[in-house]
Amino acid sequence: MNFFENLFDSEKNIQAILGLTDELKSIYIYDYFIKNNDSLVIVTNTLYESNTIFKSLSNYTKDVLFFPMDDFLTSEAIAISPELEITRLETINATLENKKKIIVTNLMGFLRFLPTKQNYKKSIIKICVGEDYDIKKLEQDLYNIGYKSETFVNKTGEYAPRGFVLDIFPLGSQNPIRIEFWGDTIDSIKIFDVDSQLTRENIENIEILPNTEFIVDLSIEDNERKQKNLIKYTTVSNICSYFDKFKIFYINYNDIKIGYKNLLDDIFSYNEEQNISQDTKYMFKMDELENNDSIYLSSFDDIPFANLKSKKYISGNIENFKMTPNKINEKLNVYLKNKKTVIICLKDKYAINKVIDELQNDDIVFTNLDNIVLNKINLVVKNINQGFEYNNYIVISENEFFNRKNNNVIYKSNFKYGTRIKDITKLEIDDYVVHVNYGIAQYKGLKSLNKNGLLKDYLVLEYLGGDKLYIPVEKIDLITKYSSNDGVIPKLNKLGGSEWSKTKARLKKKIEDITQDLLKLYAERKSVKGFAYLPDSKEQVEFEALFPFEETKDQLRAIE
């Protein structure tokens with residue numbers, strides 16, 4: 001059995017787990033997930049903690065999803081992050097498969113108002129060639145599920161009606177689609193390129209997923225389409241309700257309680273400052289969502305409720321190996337003398353080769369997680385976030401071994417942001433744009449001006465203080481569309497001022513610094529004496545033979 005699937009006893013009815021490191025918490029959750037039929041909702045206090053748990057769990061299973069939410073003051077007083085909103089929507093869509101999953105969320109995500117799963121599924125628009133669908137109703141349906149009408153489709157979440165043609169950029173799609181109508185009948189559905197606007201291929205049907213968490217059956221004014229108002233128009237639920245059967249895991253529950261108290265204080269202060277009634281409800285209350293069938297994971301001996309059946313483990317983190325290969329060998333040998341089994345988890349065979357060459361230790365074995373050799377230094381291909389010490393096992397990750405820092409998770413998404421302006425028709429009045437020489441302005445339309453007896457069209461850009469800049473339409477490549485978080489209004493630059501020049505100068509200096517660092521790095525690399533690796537060993541050849549795919553010519557050349 002896989003080493004990580006055999007670390008914990010399968011005791012039932014345990015509600016409080018104490019003394020595990022962050023990595024071991026993830027392993028415990030993973031172990032529970034594979035041994036039970038429940039989906040899991042993991043709740044942390046902060047977004048940072050949920051990010052860490054999500055990244056860690058992603059190393060053990062592909063069935064983990066992220067449901068991140070901004071803090072209260074950011075989301076209410078400034079603007080909700082569109083990146084986090086898209087991640088939440090992609091997570092909701094993944095739950096519709098009705099498969100067992102793990103969702104990791106922070107307190108704000110856990111308390112967030114959502115439409116019921118039934119209402120969300122009902123809002124999905126299904127388009128099929130040959131079927132009837134009134135084009136005006138389709139436009140209204142798209143608006144109701146968060147799509148925005150534009151002259152031309154430029155990014156995810158937009159639609160553009162033009163007579164009997166309707167372009168849509170659906171959430172989750174790599175490319176937009178073009179629907180052509182014959183009366184009310186859908187004549188064709190085509191995928192097209194967002195830049196050239198040319199069609200690529202025909203498809204028979206498509207599902208348009210919601211581009212908002214605000215789903216209601218009514219037509220609501222834009223200023224009312226805020227998540228706190230969802231409860232006024234429909235039945236609400238939270239992310240747990242998207243599973244038929246689930247178990248909640250709270251990570252460091254006492255921290256969550258403190259976070260919830262601070263959240264209530266923030267809401268009270270915000271209502272006072274904005275002269276809003278203290279009865280205003282922005283999200284669920286904690287006690288509305290808690291149940292008696294939850295599991296509490298804590299690093300410390302702080303059981304949140306006295307009547308919980310608990311189990312305490314003893315574990316610890318591994319310090320970074322800031323030492324020479326000889327010193328590392330000495331440290332590893334001390335572990336072995338103390339009857340410990342060392343497992344060094346490395347993400348690929350190149351890292352394994354490096355360790356083998358540097359350590360030259362007779363007790364090193366290259367193996368896998370199903371065949372760990374006791375009281376040896378086991379090298380395995382496995383990516384984990386953090387090492388740990390537990391029972392007689394010393395598990396070391398690349399981060400400790402090579403003294404690296406954890407990188408932030410990069411969320412993979414098909415969400416497409418705005419592209420460079422190539423066509424004047426892609427600009428609308430009051431769009432924010434950036435001129436390469438003068439900075440951020442607002443587009444105010446086209447104006448015909450007489451210059452030297454010739455009538456020419458100019459783009460009108462308005463800067464801070466109302467100053468205007470006129471650009472010949474053929475110079476449109478000098479401007480780009482400003483892209484930012486939805487709802488965030490950029491600060492305009494002053495025409496003729498020095499602010500934009502200083503900004504560009506700072507960036508230029510930063511680029512020059514980076515360039516100098518790179519040149520220095522490459523010079524140092526060139527001067528360092530190369531290292532000749534030993535010929536492939538029998539074990540390496542056997543290991544490479546396990547690779548389940550056929551290498552490309554380029555890959556084989558790179559390996560050589």
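Please read all numbers here as calculations on a predicted model, not as lab measurements.

Cut-offs and rules
Residues numbered from 1 in each chain as written. Predicted model: local features only at pLDDT ≥ 70, side-chain atom pairs only at ≥ 80, totals over all residues. Heavy atoms only, no water. Helix = DSSP H or I, 4+ residues; strand = E, 2+ residues; numbered from the N terminus. Buried < 20%, exposed > 50% of the residue type's maximum accessible area, 1.4 Å probe, protein only. Contact = heavy atoms within 4.5 Å. Areas by Shrake-Rupley, 256 points an atom, 1.4 Å probe, with all protein chains shown as cover. Polar contact = N/O pair within 3.5 Å; in protein donor to acceptor, adjacent residues only side chain to side chain. Pairing = 2+ DSSP bridges. Axes fitted to C-alpha atoms, helices over the stretch in contact; angles between N-to-C directions. Expected span 1.5 Å × (residues − 1). Core = buried A, V, L, I, M, F, W, Y, C linked by side-chain atoms within 4.5 Å. Patch = residues over 30% accessible without salt bridge, like charges linked within 9 Å, V, L, I, M, F, W, Y side chains within 5 Å. Salt bridge = Lys/Arg side-chain N within 4 Å of Asp/Glu carboxyl O. Lys, Arg positive; Asp, Glu negative; His and termini not counted. Charge placed at Lys NZ, Arg CZ, Asp CG, Glu CD. Arc of directions from axis to C-beta.

Undergrad: What exactly am I supposed to notice about the overall build of the protein here?
TA: Helix and strand counts for the protein stand at 16 helices and 28 strands. Each of the 560 residues in the protein was classed as buried or not, and the buried ones make up 45%. The contacts in the protein between residues at least 6 apart in sequence include a share of 67% that link residues at least 24 apart. Just so you have it, the protein exposes about 30900 Å², and 50% of that area is on carbon and sulfur atoms.

Undergrad: How should I be thinking about the side chain of asparagine 493 in this particular structure?
TA: With respect to the helices, strands and loops of the structure, asparagine 493 is situated in the loop between β28 (479-481) and α14 (499-527). Side-chain polar atoms of asparagine 493 contact the backbone nitrogen of isoleucine 440, separated by 2.7 Å. Sequence-distant contacts of asparagine 493, defined by excluding residues within four places in its chain, comprise Tyr438, Gly439, Ile440, Tyr463, Leu464, Glu499 and Trp500.

Undergrad: How do you make sense of the sheet that holds strand β10 (residues 177-182) when you look at a structure like this?
TA: Sheet strands pair by backbone hydrogen bonding; their relative direction is either parallel or antiparallel. Taken in spatial order, the six strands line up as β7-β8-β9-β10-β11-β12 in an open sheet, and their pairing is mixed. In the strand order of this sheet, the two ends are held by β7 (148-149) and β12 (199-203), each with one partner. Summarising the sheet, strand β11 (residues 185-192) and β12 pair through four bridges and their orientation is antiparallel. The residue of β12 that forms the bridge with isoleucine 191 is glutamate 201. Sitting on the sheet, helix α7 (residues 135-144) is in contact with β8 (158-162), β9 (165-168) and β10, with an inclination near 15 degrees to β9.

Undergrad: It is not clear to me how helix α4 (residues 82-95) should be interpreted in this structure. Could you clarify?
TA: In an α-helix, one turn spans 3.6 residues, which is why side chains three or four residues apart end up on the same side. Here α4 spans 20 Å end to end across 14 residues, near enough to the 20 Å set by a 1.5 Å rise per residue. With twelve of its 14 residues buried, α4 lies for the most part within the structure. Those residues of α4 that sit buried are Pro82, Leu84, Glu85, Ile86, Thr87, Arg88, Leu89, Thr91, Ile92, Asn93, Ala94 and Thr95. Elements that come into contact with the buried residues of α4 comprise α2 (47-58), β3 (64-67), β4 (102-106), β5 (114-115) and α6 (117-123).

Undergrad: Hey, could you run me through the nonpolar core in this one?
TA: Nonpolar side chains in soluble globular proteins tend to be buried together. One finds Ile127 and Ile208 to be the most contacted residues of the largest nonpolar core, which totals 68 residues. Per element, the largest residue contribution to this core is six residues, and it comes from helix α9 (residues 253-273). Here isoleucine 127 is in contact with Tyr133, Leu138, Ile179, Ile186, Ile189, Glu204, Asn205, Ile206 and Ile208, once residues within four sequence places are set aside. Ile27, Leu40, Leu57 and Ile343 belong to the second largest nonpolar core, which has 38 residues in total.

Undergrad: Quick question: what am I supposed to make of a negative patch on the surface here?
TA: Taken together, the side chains of Glu131, Asp132, Asp134 and Asp184 make up a negatively charged region of the molecular surface. Its location among the elements puts aspartate 134 in the loop between β6 (125-128) and α7.

Undergrad: Just checking my understanding: could you explain the pattern of salt bridges for this structure?
TA: For side chains of opposite charge, pairing can occur when their charged atoms come near one another. Scanning the model with the defined rule gives 22 salt bridges in all. The salt bridge involving glutamate 224 is made with lysine 232; its shortest N-O contact spans 2.9 Å. Taking the relative accessible area as the measure of exposure, lysine 232 reaches 52% and is therefore exposed. Within this structure, Asp63, Glu97 and Lys101 form a network of salt bridges that share partners.

Undergrad: I'm lost on α9 in this one. Help?
TA: Its 21 residues give α9 an end-to-end C-alpha distance of 30 Å, which sits within 8% of 30 Å, the value for a rise of 1.5 Å per residue. Within the sequence span of α9, burial applies to Tyr253, Ile256, Gly259, Tyr260, Leu263, Ile267, Tyr270 and Asn271. The arc that holds every buried residue of α9, seen down its axis, measures 110 degrees, which confines them to one face. Those residues of α9 that are exposed and angled more than 90 degrees off the buried face are Ile258, Lys261, Glu272 and Glu273. Just beyond α9, the residue with positive phi is asparagine 275, at close to 60 degrees.

Undergrad: What is the right way to read a nonpolar patch on the surface from this model?
TA: A cluster of nonpolar side chains, Ile514, Leu518 and Leu521, forms an exposed patch at the surface whose accessible area comes to about 230 Å². Structurally, leucine 518 is set in helix α14. Residue classification places leucine 518 among the partly exposed residues on the basis of a relative accessible area of 38%.

Undergrad: Got a minute to help me understand the sheet that holds strand β20 (residues 364-366) in this structure?
TA: Within the open sheet, the six strands sit side by side as β18-β22-β23-β19-β21-β20. Their pairing is mixed. The strands lining the two open edges of the sheet, one partner per strand, are β18 (315-317) and β20. Strand-to-strand, the axes of this sheet are offset by a mean angle of 20 degrees, without reference to chain direction. Bridge analysis of β18 against strand β22 (residues 388-390) gives three bridges, and the strand direction is antiparallel. Among the inter-strand pairings, asparagine 317 is bridged to a residue of β22, identified as phenylalanine 388.

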